[in-house]
Amino acid sequence: MQWKLFADLAEVAGDREIRVDAEPGATVGDALDELLDTHPALRDRVLDDDGDVADHINVLRNGENVRAGGGLETTLEAGDELALFPPVSGGRA
């Protein structure tokens, strides 16, 4: 599986796309654990003090926020696209 990282998460990890050792049948949480194990600098940015995904971090599977479905227990399938989005701000006032 491959994670796509956006904004400062890509800067912290050192790359916008990171492959992890998670196969179909694993969960989004398994893939996230693998990402954080291989890129520990992301841990403080992605997780809260309780070790849960911070409220302001969006975890997407195939463009859908996993919070709207099975959460981190969502099962991965071949070809899934995973992404982490931090909060985004900007624009014109």
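These remarks concern the structure in this document. Just so you know, these numbers come straight off a predicted model, no measurement behind them.

The phi torsion at A7 lies on the positive side, around 55°, for a residue other than glycine. Mapped onto the elements of the fold, A7 is located in the loop between β1 (2-5) and α1 (8-13). Positive phi outside glycine occurs at N62, with the angle close to 55°. On the basis of relative accessibility, which here comes to 39%, the residue N62 falls in the partly exposed class.

The next point concerns the side chain of D80. Summarising the element assignment, D80 is placed in the loop between β4 (64-65) and β5 (82-85). Take D80: its relative accessible area is 10%, and that puts it in the buried class. A polar contact of 2.7 Å, which involves the side chain of D80, links it to the side chain of R61. Looking at D80, its side chain comes within polar contact range of the side chain of N62, at 2.8 Å. When residues no more than four places from it in sequence are discounted, the contact partners of D80 are M1, R61, N62 and T75.

Turning our attention to the environment of D33. Here D33 shows up in helix α2 (residues 28-38). Taking C-alpha positions, D33 is 9.4 Å from V20, a pair spaced 13 residues apart along the chain.

Under the criterion given, the structure shown has one aromatic pair. Arranged with centres 4.2 Å apart and planes meeting at 5°, the rings of F6 and F85 form a pair that is stacked. Of this pair, F6 sits in the loop between β1 and α1 while F85 sits in strand β5, placing them 79 residues apart in sequence. The class for F6 is partly exposed, based on a relative accessible area of 24%. Using a relative accessible area of 27% as the deciding quantity, one classes F85 as partly exposed.

Among the nonpolar cores identified, the biggest contains 26 residues, and W3, L5, L35, V46 and L84 are the most heavily contacted of them. Elements with a contribution of two residues or more to this core: β1, α1, α2 and β5. Sort the elements by how many residues they give to this core and α2 lands first, with five residues. Setting aside chain neighbours within four positions, we find L84 in contact with W3, K4, L5, F6, L9, L32, L35, V46, I57, N58 and V59.

Cut-offs and rules
- Residues numbered from 1 in each chain as written.
- Predicted model: local features only at pLDDT ≥ 70, side-chain atom pairs only at ≥ 80, totals over all residues.
- Heavy atoms only, no water.
- Helix = DSSP H or I, 4+ residues; strand = E, 2+ residues; numbered from the N terminus.
- Buried < 20%, exposed > 50% of the residue type's maximum accessible area, 1.4 Å probe, protein only.
- Polar contact = N/O pair within 3.5 Å; in protein donor to acceptor, adjacent residues only side chain to side chain.
- Contact = heavy atoms within 4.5 Å.
- Phe/Tyr/Trp six-rings, centres within 6.5 Å; stacked < 30°, edge-to-face > 60°.
- Core = buried A, V, L, I, M, F, W, Y, C linked by side-chain atoms within 4.5 Å.

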